[in-house]
Amino acid sequence: MNDITTYEGNFSAPGAKFALVVGRFNSYIVESLLEGAVDTLVRHGIRKEDLTIVRAPGAFEIPVVVKKVADQGKHDAIIALGAVIRGGTPHFEYVAGECVKGLGQLALQYGIPVSFGVLTVDTIEQAIERAGTKAGNKGSEAAISALETVAVLRSLDN
Ligand SMILES: Nc1c(NC[C@H](O)[C@H](O)[C@H](O)CO)[nH]c(=O)[nH]c1=O
Ligand SMILES: CC(=O)[C@@H](O)COP(=O)(O)O
């Protein structure tokens, strides 16, 4: 395997700028995702002055806000954070579905990492578990993914 050219990101992206687009819905959960994401970025050497937080009403609006941020061309990666918690109607499917579809399209359209830190869960308990308790912090995971993707994209530029 030694003679194969391999590009692997690490978690080092010195000087990289990150935008965090945060849904307000279920804010008691999402704020923990945001805290986890910011903590992870700072612990990996990203300066707080290189972070931008933009808030959207809910997960359905996150993609259009991400598009506006990407249009500005000021950030190396965008981290989407939110919490979609199933209720008693099919609304969950539409909100979560449009959010993830839009974010995936934007990442490809702009060629920048758009990491998916939006919880899509059936219960509040599942959300709590994934916002910094027994199942980790999906905001932190989304930040790690953004860091690594920035690093691997940079390595491909060399
Ligand atoms: N139920 C949840 C929503 N619903 C709101 C939508 O995201 C959107 O803001 C509304 O339909 C108006 O366009 N949003 C979440 O982020 N999480 C939910 O659980
Ligand atoms: C994900 C949602 O939009 C959901 O919280 C809405 O709840 P309901 O399906 O009971 O209207």
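Computed from a prediction, not measured in an experiment: that's the story for all the values here. (Residues numbered from 1 in each chain as written. Chains lettered and ligands numbered in written order. Predicted model: local features only at pLDDT ≥ 70, side-chain atom pairs only at ≥ 80, totals over all residues. Heavy atoms only, no water.)

**What about the sheet that holds strand β1 (residues 18–23)?**
- A sheet is described by the order of its strands in space; here 4 strands give the open sequence β2-β1-β3-β4, paired in parallel fashion. This sheet does not close on itself; its edge strands, each paired only once, are β2 (51–56) and β4 (114–121). Ignoring which end each strand starts from, the neighbouring axes of this sheet average 15 degrees apart.
- Bridging between strand β3 (residues 77–85) and β4 involves 8 bridges; their strand directions are parallel. When the bridges of β4 are listed, Ile85 appears paired with Val121.
- Along the sheet face, helix α5 (residues 138–157) touches β1, β3 and β4 and points at about 160 degrees away from the line of β4. (Pairing = 2+ DSSP bridges. Helix = DSSP H or I, 4+ residues; strand = E, 2+ residues; numbered from the N terminus. Axes fitted to C-alpha atoms, helices over the stretch in contact; angles between N-to-C directions. Contact = heavy atoms within 4.5 Å.)

**With respect to the site of ligand 2**
- Taken together, Val84, Ile85, Gly87, Gly88, Thr89, His91 and Phe92 make up the full set of residues near ligand 2.
- Here an oxygen atom of ligand 2 sits 3.1 Å away from a polar atom, N or O, in the main chain of Ile85.
- With respect to ligand 2, the side chain of His91 contributes an N or O atom lying 2.4 Å from an oxygen atom.
- When ligand 2 sits alone it has 330 Å² of accessible area, and the protein chains cover 67% of it.
- Breaking the shell around ligand 2 down by element, the ones donating at least two residues are β3 and α3 (91–110).
- Its residues placed into classes, the shell around ligand 2 shows 3 nonpolar, 4 polar and no charged. (Near = heavy atom within 4 Å. Polar contact = N/O pair within 3.5 Å; in protein donor to acceptor, adjacent residues only side chain to side chain. Areas by Shrake-Rupley, 256 points an atom, 1.4 Å probe, with all protein chains shown as cover. Nonpolar A, V, L, I, M, F, W, Y, C, P; charged D, E, K, R; others polar.)

**Re the UniProt feature "binding site: 5-amino-6-(D-ribitylamino)uracil" (unreviewed entry) in the protein chain**
- If you check UniProt for "binding site: 5-amino-6-(D-ribitylamino)uracil" (unreviewed entry), the listed places come out as Phe25, Ala59, Phe60, Glu61, Ala83, Val84, Ile85 and Phe116 in our numbering.
- Within the secondary structure, Phe60 sits in the loop between β2 and α2 (62–72).
- For Phe60, the contacting residues outside a window of four places in its chain are Val95 and Glu98.
- In this fold, Phe116 is placed in strand β4.
- Residues in contact with Phe116, not counting those within four places in the same chain, are Ala80, Cys99, Val100, Leu103 and Ala142. (UniProt positions renumbered as here; feature names shortened; annotations may be inferred.)

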